[in-house]
Amino acid sequence: VQLQASGGGLVQPGGSLRLSCAASGSIFSIDGMGWYRQAPGKQRELVATITRGGGTNYSDSVKGRFTISRDNAKNTVYLQMNSLKAEDTAVYYCNADIYNLYSWNQYWGQGTLVTVSS
C-alpha cells in the first residue's frame, strides 16, 4: 500500500492550494484519512481528519480556511487550503487507516511542501 501526495508549491499569502493524496495497492477498505504538517523545527501536528462517512475534524489554526474531503471510489483525500498564511508553511503529510484483507494498518504519504511567501 502506498499513499501518494501531490499539490504542494509556492503561493503568496492569501492564496489557495489544493492537496491530493491517493492510496494504491492491496486495499480492501479505508477508514479514517487525514492531513498533518510539520514546519521547520517543529513537531508534526494534526491539520484535519475525515471519517469514511464524511465526519470532519480540524485544528483551530486552520478552521474556517481549510476544507478536507475524500472520494471513497478513488481512495483519495483532498485538502483545500484558502487564505493561506506564512505560518501555514510546512511539509504536509497524508495519513490513512487501511485494511488490506489481513489487518488494519496506518500509512503515511511522502509529504508535499507548501511554502507561503511573498
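Further up the page is the structure itself.
The structure reproduced in this document is the subject of the present report. (Residues numbered from 1 in each chain as written. Predicted model: local features only at pLDDT ≥ 70, side-chain atom pairs only at ≥ 80, totals over all residues. Heavy atoms only, no water.)

Of regular secondary structure, the protein chain possesses zero helices and 11 strands. The secondary structure elements of the protein chain, listed N-terminal to C-terminal, are β-β-β-β-β-β-β-β-β-β-β. The principal-axis extents of the C-alpha atoms in the protein chain amount to approximately 45 × 25 × 25 Å. The 118 residues of the protein chain split such that 41% are buried. (Helix = DSSP H or I, 4+ residues; strand = E, 2+ residues; numbered from the N terminus. Buried < 20%, exposed > 50% of the residue type's maximum accessible area, 1.4 Å probe, protein only.)

In this structure the tally under the stated criterion is three aromatic pairs. Note on Tyr36 and Trp108: the rings are 5.0 Å apart at their centroids and 65° apart in plane angle, and the pair reads as edge-to-face. A residue pair is termed long-range when its members are at least 10 positions apart, and Tyr36 in strand E4 (residues 29-38) and Trp108 in strand E10 (residues 104-108) qualify at 72 residues. Owing to a relative accessible area of 36%, Trp108 belongs among the partly exposed residues under this scheme. Look at Tyr99 and Trp104: their rings are 5.3 Å apart centre to centre, the planes differ by 40°, and that puts the pair in the tilted class. (Phe/Tyr/Trp six-rings, centres within 6.5 Å; stacked < 30°, edge-to-face > 60°.)

Among the structural elements, Val91 can be located in strand E9 (residues 90-99). A relative accessible area of 24% means that Val91 is categorised as partly exposed. For Val91 and Phe28, which are 63 residues apart along the polypeptide, the C-alpha to C-alpha distance reads 28 Å. If near-sequence neighbours (up to four positions away) are discounted, Val91 is found in contact with Tyr36, Arg37, Gln38, Gly111, Thr112 and Leu113. (Contact = heavy atoms within 4.5 Å.)

A few words now on the sheet that holds strand E1 (residues 2-6). Pairing within the open sheet is antiparallel, and its four strands lie in the order E1-E3-E8-E7. Looking along the sheet, the strands with just one partner apiece sit at the ends: E1 and strand E7 (66-71). Taken pair by pair, the neighbouring strands of this sheet meet at an average axis angle of 15°, ignoring direction. Bridging between strand E3 (residues 17-24) and strand E8 (residues 76-81) involves six bridges; their strand directions are antiparallel. Bridge assignment links Leu19 to a residue of E8, and that residue is Leu79. (Pairing = 2+ DSSP bridges. Axes fitted to C-alpha atoms, helices over the stretch in contact; angles between N-to-C directions.)

One finds Trp35, Leu79, Met81 and Tyr92 to be the most contacted residues of the largest nonpolar core, which totals 30 residues. Listed by contribution, the elements that provide at least two residues to this core are E1, E3, E4, strand E5 (45-50), E7, E8, E9 and strand E11 (112-116). No other element matches E9, which puts five residues into this core. (Core = buried A, V, L, I, M, F, W, Y, C linked by side-chain atoms within 4.5 Å.)

Alternating positions in E1 separate cleanly, Leu3 and Ala5 being buried on one face and Gln2, Gln4 and Ser6 remaining unburied on the opposite face. Note: E1 against E3, five bridges, orientation antiparallel. Pairing of Gln4 across the sheet is with Ala22, part of E3.

Function cannot be read off these values alone, since they describe shape.
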